[in-house]
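# Descriptive structure summary
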Amino acid sequence: MKRGVVMRDNPSAYPGRPITRPSIMQRLRYWLLEPSPRITAVDQRRQATLLSGLILGMMALALLAEAGAVLFIDWSTYTGYYQTIAAVLSLALVYGISRTRHTQLAAILTVISVSVAIFGAGWSEPRGVLGGFLDFLILPLWLGSLFIDLRKLPLLVAAVLAGVLLSPLTPPAVRMLDVLVGPFTFLLTTSILLLIITRHRNRLEQDRQAELSANEQRSRREAARADALLHAAERFNAQLDQDAMLMVIGEETARALNTTTVLVMLHDPEQDTLSIAAGIGFSPATISTMRSVPTPLYRQFVAEFGSVFALPDLHAVEQLTHLLPFQVAGIRSLAAASMEYERALIGSIVVLAIDQPRDFSRDDLLLLQGLAAQAALGLVNTRLYKDNRRRLEQLQALRAIEIAITTNRNLRENLELLLEKISEQLQVDAAVFLLLDTRRYLLQFAASRGFITHSLRFTELHIGEGMAGRAVLEQRIIHIHDLREDPQQLASAPDLWQEEFVSYYAVPLIAQGYVKGVLEIFHRSLLHADDEWLRFLEALADQAAIAIENTTLFEDLQRANDELSQAYDSTIEGWSRALDLRDHETEGHTQRVTMMTLNLARALGIDETGLVHIRRGALLHDIGKMGVPDHILLKPGKLSDQERSIMQRHPVYAYELLAPIAYLRPALDIPYCHHEKWDGSGYPRGLKGEQIPFAARLFAVVDVWDALCSDRPYRKGWPLDQVLDHLRAETGSHFDPRVVAAFMRMIEPPDG
């Protein structure tokens, strides 16, 4: 068995099917009747099988008939079985030929063999002729009608009838009258009927073959049309850009209809026209000269000729030629199909024949109609994709603006971002923000994009002045469709004429019911804005108004906070000066230790927020002394133990005084803990090491330094070296070693 060939008796050839053995009759039929494998046509194999079966049948019938004759006919001189045996042998030879690819030869030999056998039997036994034996000649005639061409069949009939007429010449017992009245009349009548029936049967077969051929051709055309539409659909579905889609529509139409010139027209609902959007076989310059077709005129064409129509000879409809938008030399024929989606006109596909006329067939128009339907769906999909993508980009733009508004307090940067999104999403050439100064009631320049001139930076408009002023006054959008129609609209801004703007919008920026400014939009060609475009413009204007409002509120709040902080700091400094005035011994001490503590804190990496609280704590470090009686605070001599105990209560007094004040609570570390010591021997709580707040550890070093360096009524200030030695000696007991080291680096000269 050859590799790759499946035998019909091979059980593994059909896995999963039940294994069945062919019956004996099936095997016999295969062995006896199956035609040659060289015969491949179904009809020819069927005829070959029929011929082999007829030959076998005639052989069997001949043998049975002869056996009956031998048994039942009592003719002592009967020798007919010799002819029968000869006929069977000849048919056996012909049967062998019928199993080859020479079916036609076998059929002719079968007809000859049967005819000769019947004539031979009749001539050898005249009594059989008188008994109607020659009537069996109808068999070769019938076989001939099945396997011989109709044009040759009359020759066979004539030969058989001639043989019948010649049969009385040989056996004297057979008369001409017997032949004419008997077999000749029967064979002549049946032959005529056989010829008529055969002719009718052949015509039926021809009609059937013609119908099959027509169906096959129609199926092929439909398959070719389906293949072309499938190929076009695959390319259409792959396109997301409308311009690319238009070119693909032209290319696929040219390929499917085997043409070189195709035009694709798009419907413009605003202009109510169909204009040439793409073309195959034409240069861009030629396409640009083709004019648009008014939609009502196109609908007249459709009403007269149909949504898919062909004009095979434009010369015959010269009254329509001047209405065509493409006045190209040599156009002879035209076919067009409307692209429609849900009864809405999308455009049209136009196929042109140049120089030679073309008779567009029904299949051509059906194919063009299918392409137009798929093209319409493809164009709708590209528009939907474009619209959805634009909406997504608009949402992303609004989200980016929202994030910027909530995270960035720089109004100019936010306005610049808004201008960028306006230019991108609204597809406009220039835009400018004017903010309203509520104190002077003037619109002033804030930010712009897309202008050639810089004169707008100096714009100041009163409310009601110019188009922007009108937008503020009337609190509505001002739109000028075409500035060229009314030049006076830009009379207040002559420099804008250099920009050659055509379309204009002014949108008031309103937040919380108050106008915050104006957004002006300029474009150097006519803007055809739809409702979605206007809604997005209003959304951007709302975002701009919110940005201005938030920034204004933030700046006002920040300014108020700064003023409040300055008031707080002024109050603290006033308290500090009051303490210095009360305690003459420490006059100026507070300012000095505050500055030095801040310098030390910076050297140790304290951030600005921490420095604010350190400053406040340093200024108020002795605020608790307000609770100490004057006779103790101002005593010139040494304090007694009881007086010292009262004096050491001043950090607690400071805590009790400042803790209720929320904004001073972070500054309590110094007033409350600056008398604590590193070894835990300080007061008021006896904190030790890292338990002492870092700010208090810084201040403790600076406070002792300034106290020792300053003159007091009861002693002179110490020399620098003595003070430094004292700080070193107290390191680890009174002071934090790390803080002392940093303080030494700050105090000691670079060479020391």
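Above this note sits the structure.
Computed from a predicted structure; not experimentally measured. Each chain has its residues counted from 1, running along the sequence as written. At least 70 in pLDDT is required for a residue's local features to be given in this predicted model, at least 80 for side-chain atom pairs to be given and counted, and no such filter applies to totals for whole chains, interfaces and linings, which use all residues. Note that water and hydrogens are dropped before the side-chain values are worked out from all heavy atoms of the structure.

### Considering the packing of helix α2 (residues 42–72) against helix α6 (residues 138–147)
Orientation is described by lines fitted to C-alpha atoms, with helices fitted over the stretch in contact, and by angles between N-to-C directions that extend from 0 to 180 degrees. The helix and strand labels rest on DSSP assignments: H or I over at least four residues marks a helix, E over at least two residues marks a strand, and numbering proceeds from the N terminus. In contact at an axis separation of 11 Å, α2 and α6 are set at 170 degrees when each is read in the N-to-C sense. In this view, α2 runs roughly antiparallel relative to α6, as classed from their interaxial angle. In contact with Gln47, Leu50, Leu51, Leu54 and Met58 of α2, α6 contributes Trp142, Leu143, Leu146 and Phe147. Under the grouping applied here, Gly and all other residues not named as nonpolar or charged are polar, the nonpolar ones being Ala, Val, Leu, Ile, Met, Phe, Trp, Tyr, Cys and Pro and the charged ones Asp, Glu, Lys and Arg. Among the residues making up the contact of α2 with α6, the classes are represented as 8 nonpolar, 1 polar and no charged. If an angle is under 35 degrees, it is roughly parallel; if it is over 145, roughly antiparallel; if it lies from 65 to 115, roughly perpendicular; otherwise it is oblique. Between two residues, a contact is recorded if the distance between any of their heavy atoms is within 4.5 Å.

### A short note on the packing of helix α23 (residues 694–709) against helix α24 (residues 720–730)
Running from N to C, α23 and α24 cross one another at 145 degrees; their axes reach a closest spacing of 10 Å. Crossing geometry of α23 relative to α24 is assigned as right-handed. Only Leu720, Val723, Leu724, His726 and Leu727 of α24 make contact with α23, whose side of the interface consists of Val701, Val704, Trp705, Leu708 and Cys709. When grouped by side-chain class, the residues that make up the contact of α23 with α24 number 9 nonpolar, 1 polar and no charged. Definitions for this section: a left-handed crossing has its near helix turned counterclockwise from the far helix by less than a right angle. A right-handed crossing has that turn clockwise.

### Concerning the pairing of strand β11 (residues 503–511)
Partly exposed describes any residue whose relative accessible area lies between the buried limit of under 20% and the exposed limit of over 50%, with all areas from a 1.4 Å probe on protein chains only and scaled to the type maximum. When you tally the buried positions in β11, you get 8 out of 9 residues, the bulk of the element. Bridge count between strand β10 (residues 478–480) and β11: 3 bridges; the pairing is antiparallel. Bridge pairing links His479 to Tyr505 in β11. A strand pair is defined by DSSP finding two or more bridges across the two strands. Pairing geometry for β11 and strand β12 (residues 514–523), over 9 bridges, is antiparallel. Across the sheet, the residue bridging to Pro508 is Val518, located in β12.

### Observations regarding the packing of aromatic side chains
A pair of Phe, Tyr and Trp rings is counted when the ring centres sit within 6.5 Å of each other, with Trp represented by its six-membered ring. The angle between the planes then sorts it: under 30 degrees is stacked, over 60 is edge-to-face, the rest tilted. Summed over all chains, the structure comprises 10 aromatic pairs. Among the aromatic residues, those joined into a cluster by ring pairs are Phe451, Phe501, Tyr504 and Phe522.

### Comments concerning the nonpolar core
Leu415, Ile422, Leu426, Phe433, Leu519 and Ile521 are the most contacted members of the largest nonpolar core, which totals 32 residues. Those elements giving two or more residues to this core turn out to be α13 (362–407), α14 (411–426), β7 (430–437), β8 (442–449), β11, β12 and α16 (531–582). The leading source of residues in this core is α16, at 9 residues. Setting aside its immediate chain neighbours within four residues, Leu415 contacts Phe433, Leu435, Ala446, Ala447 and Ile548. Residues belong to one nonpolar core when they are buried, are Ala, Val, Leu, Ile, Met, Phe, Trp, Tyr or Cys, and are joined through side-chain atoms within 4.5 Å.

### Describing the sheet that holds strand β1 (residues 262–268)
Pairing is antiparallel in the open sheet, where 6 strands are placed in the order β3-β2-β1-β6-β5-β4. The open sheet is flanked by β3 (293–294) and β4 (308–311), the only strands paired with a single partner. One ladder, built from 7 bridges, connects β1 with strand β2 (residues 273–280); its direction is antiparallel. Following the sheet pairing, Val264 is matched in β2 by Ala278. Packing against the sheet, α13 makes contact with β1, β4, β5 (331–341) and β6 (344–354), and its axis sits at approximately 45 degrees to β5.

### With respect to the sheet that holds β11
Overall, antiparallel pairing links the 6 strands, which are arranged β9-β8-β7-β12-β11-β10 in an open sheet. Looking at which strands have only one partner, the edges of the open sheet turn out to be β9 (460–462) and β10. Each adjacent strand pair in this sheet contributes to an overall mean axis angle of 25 degrees, direction not counted. Pairing of β7 with β8 involves 7 bridges; the strand directions are antiparallel. Note that in β8 the partner of Phe433 across the bridge is Ala447. Contacts between α14 and the sheet are confined to β7, β8 and β12, with β8 contributing the most and set at about 60 degrees to the helix. Helix α15 (residues 466–474) contacts β7, β8, β9, β10, β11 and β12 of the sheet and is inclined by roughly 35 degrees relative to β11.

### Some remarks on the side chain of His734
By the element assignment, His734 lies in the loop between α24 and α25 (737–747). Every residue in contact with His734, bar those within four places of it in the chain, is listed here: Glu676, Lys677, Trp678 and Val704.

### A few points about a nonpolar patch on the surface
Together, Ile24, Met25, Leu28, Tyr30, Trp31 and Leu32 make up a nonpolar patch on the protein surface, roughly 670 Å² of accessible area in all. Relative to the helices and strands, Ile24 is located in helix α1 (residues 24–33). Patch criteria: residues need more than 30% relative accessible area and no salt bridge. Like-charged residues are merged within 9 Å; nonpolar side chains of Val, Leu, Ile, Met, Phe, Trp and Tyr are merged within 5 Å. Using a 1.4 Å probe, the Shrake-Rupley method yields the accessible areas, and only the shown protein chains count as cover for residues. A side-chain nitrogen of Lys or Arg and a carboxyl oxygen of Asp or Glu constitute a salt bridge if their distance falls within 4 Å.

### Focus on unusual backbone geometry
The linkage connecting Tyr683 with the following residue, Pro684, adopts the cis geometry, with an omega of 15 degrees. Checked against the element boundaries, Pro684 lands in the loop between α22 (669–673) and α23. One non-glycine residue with positive phi stands out, namely Arg343, at about 65 degrees. Among the structural elements, Arg343 can be located in the loop between β5 and β6.

### Here's the deal with helix α11 (residues 295–305)
Every buried residue belonging to α11 is among Thr295, Leu297, Tyr298 and Phe301, and all of these are buried. For α11, the buried positions fall inside an angular range of 165 degrees around the axis, keeping them on one side. Looking at α11, the residues exposed on the side facing more than 90 degrees away from the buried face are Gln300, Ala303 and Glu304. Two residues or fewer past α11, Gly306 is found with a positive phi of approximately 105 degrees. The directions considered for the arc run from the helix axis to the C-beta atoms.

### Quick notes on the pattern of salt bridges
On inspection of all chains with the given rule, the structure shows 29 salt bridges. Across the salt bridge formed by Glu251 and Arg235, the nearest N and O atoms sit 3.0 Å from each other. Residue Glu251 is located in helix α9 (residues 242–256), and its partner Arg235 is located in helix α8 (residues 176–237); the two are separated by 16 residues in the primary sequence. Classification of Glu251 by relative accessible area gives partly exposed; the value is 35%. Across the pair Arg484 and Asp482 runs a salt bridge whose closest N-O atoms are separated by 2.9 Å. Taking the relative accessible area as the measure of exposure, Asp482 reaches 11% and is therefore buried.

### Observations concerning the side chain of His267
Within the fold, His267 resides in strand β1. For His267, a relative accessible area of 15% puts it in the buried group. Side-chain polar atoms of His267 contact the backbone oxygen of Leu345, separated by 3.3 Å. If sequence neighbours within four positions are ignored, His267 has contacts with Asp272, Thr273, Leu274, Thr295, Leu345, Ile346 and Gly347. Here a polar contact is recorded for every N or O atom pair within 3.5 Å, except that within protein the pair must consist of a potential hydrogen donor and a potential acceptor, and residues adjacent in sequence are included only if both atoms are side-chain atoms.

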